[in-house]
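One-letter residues, chain by chain:
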Amino acid sequence: MCSLFVSAGQRVSFMKTAYYSTPGTNTTRTLYPEALDGHLHPVVPVGTLWEIDLESSYILIGFYISFKDEAFFRAVIEVYDSNEALIYTWRIGNQGSTNIIFASSVTTPVRYINVITEDATNASLTTALNEFYAYGECPKGTWGVQCRENCSSDCPDVCRFDDGLCNEVCIGYSDPPKCQTECQTGWFGVNCKSQCSDRCWSCNSRTGVCEEGCLGFSDPPDCTIECDTGLWGRNCASNCSRCFNSTCNSRSGLCDQGCLGYSNPPICTTECGSGYWGLNCTYQSCDGKS
């Protein structure tokens with residue numbers, strides 16, 4: 001009999017660890033790696049419980065299981081995480097075939113798989129498992145054979161499983177998948193598509209945190225405390241000395257309420273002419289002083 005199984009992802013079970021046992025009569029677990037070697041075998045041991053250890057965790061996409069015979073009513077497949085906590089159980093009725101093919105919709109990473117066969121009364125049967133295939137993808141943030149490599153800090157959550165390059169996402173860079181062009185000043189995050197807060201002097205290109213100081217606020221990196229009256233700029237380190245009442249825009253330093261001793265609000269760069277003084281040089285003095 002020939003079976004066709006079109007899969008996606010890696011064959012994550014190949015040459016991993018498999019055991020068989022008969023817990024009801026004998027608790028001994030016997031190693032049988034041939035169940036995962038990709039070949040059908042003429043002679044296969046039997047057990048009521050088959051245990052698969054994928055040796056790492058994967059997001060499973062589907063299974064193909066080949067039994068030596070079809071003398072069972074249903075197959076029970078249990079999947080566990082790396083802490084051996086049960087995630088999900090499938091009960092699949094036998095349709096008169098030695099092969100079972102099904103897709104998985106479980107999104108939790110799986111490491112351990114148990115295969116049990118039952119009769120119509122739900123009693124466990126002794127079964128010969130000829131070959132077991134599990135197909136899956138690397139969990140979030142990992143890549144490579146057995147998904148043992150971590151994605152780079154440029155795309156810590158999503159990268160290509162075969163070479164670790166960023167798929168469509170860079171953190172702090174604008175050119176996936178290479179992630180070599182840093183964000184321009186004032187931008188940060190995924191593919192540099194987020195603008196730094198207008199409270200930042202400049203922000204971290206990855207996190208958006210105002211690490212280089214605040215603009216109009218005095219408490220980097222939080223930037224929640226506005227400048228006191230008379231102060232402005234980066235971390236409120238500049239004063240509004242040319243402004244009327246020492247009051248200026250806390251971010252730009254512009255003298256929005258007028259100049260003191262200067263005639264050109266709001267920038268206040270032109271000193272009063274001889275004989276003029278005060279707010280925007282509108283007052284004239286008798287002694288000609290400004």
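Above: the structure in question.
Since we're looking at a predicted model, the values are computed, not measured.

Next up on the list: the nonpolar core. What tends to happen in soluble globular proteins is that the nonpolar side chains get buried as a cluster. Ranked by internal contacts, the top residues of the largest apolar core, which has 33 residues, are Leu60, Phe63, Ile65, Ile77, Ile113, Val115 and Phe132. For this core, the element with the most residues is strand β4 (residues 49-67), which contributes eight residues.

All right, on to the side chain of asparagine 191 then. Examined against the element boundaries, asparagine 191 turns out to sit in the loop between β13 (187-188) and β14 (194-195). Residue classification places asparagine 191 among the buried positions, given a relative accessible area of 15%. Leave out the neighbours within four places in its chain, and asparagine 191 touches Glu168, Val169, Cys170, Tyr173, Ser174 and Pro176.

At the junction of proline 220 and proline 221, the peptide bond is cis and its omega measures out at 0 degrees in the coordinates. The linkage connecting proline 265 with the following residue, proline 266, adopts the cis geometry, with an omega of 5 degrees. Here proline 266 shows up in the loop between β16 (238-239) and β17 (276-277). In this structure, asparagine 235 is a non-glycine residue whose phi angle is positive, near 55 degrees. With respect to the helices and strands, asparagine 235 occurs in the loop between β15 (231-232) and β16. At serine 246, a position not held by glycine, the phi torsion is positive, near 50 degrees. Within the fold, serine 246 resides in the loop between β16 and β17.

Looking now at the environment of isoleucine 171. Residue position: isoleucine 171 is located in the loop between β12 (149-150) and β13. The class for isoleucine 171 is buried, based on a relative accessible area of 17%. Those residues within four positions of isoleucine 171 in sequence are excluded, and the remaining contacts are Ser153, Asp154, Cys155, Pro156, Gly189, Val190 and Arg206.

The subject of this paragraph is the state of the cysteines. Cysteine pairs can be linked by a disulfide, which is a covalent bond between their two sulfur atoms. Per the counting criterion, the structure on display carries 13 disulfides. The partner cysteine of cysteine 151 in its disulfide is cysteine 159, sulfur to sulfur 2.0 Å. Its S-S torsion of about -70 degrees marks the bond between cysteine 151 and cysteine 159 as left-handed, since a negative value means left-handed. In this structure, cysteine 151 and cysteine 159 share a single accessibility class: buried. Between the sulfur atoms of cysteine 240 and its disulfide mate cysteine 248 the distance is 1.9 Å. On the S-S bond that ties cysteine 240 to cysteine 248, the torsion sits near -45 degrees, and the link is left-handed. For the pair shown, cysteine 240 and cysteine 248 are each scored as buried.

Our next topic: the pattern of salt bridges. Scanning the entire structure with this criterion turns up five salt bridges. Here arginine 74 makes a salt bridge to glutamate 118, at a shortest N to O gap of 3.1 Å. Here arginine 74 is found in strand β5 (residues 74-80), whereas its partner glutamate 118 is found in strand β8 (residues 110-118), with 44 residues between them in sequence. Each member of the pair, arginine 74 together with glutamate 118, is buried. Close ionic contact of aspartate 198 with arginine 251 constitutes a salt bridge, the shortest N to O distance being 3.0 Å. Of this pair, aspartate 198 sits in the loop between β14 and β15 while arginine 251 is found in the loop between β16 and β17, placing the two residues 53 residues apart along the sequence. With relative accessibility at 52%, the residue aspartate 198 sits in the exposed group.

Conventions and cut-offs
Residues numbered from 1 in each chain as written. Predicted model: local features only at pLDDT ≥ 70, side-chain atom pairs only at ≥ 80, totals over all residues. Heavy atoms only, no water. Core = buried A, V, L, I, M, F, W, Y, C linked by side-chain atoms within 4.5 Å. Buried < 20%, exposed > 50% of the residue type's maximum accessible area, 1.4 Å probe, protein only. Helix = DSSP H or I, 4+ residues; strand = E, 2+ residues; numbered from the N terminus. Contact = heavy atoms within 4.5 Å. Disulfide = S-S within 2.5 Å. Salt bridge = Lys/Arg side-chain N within 4 Å of Asp/Glu carboxyl O.

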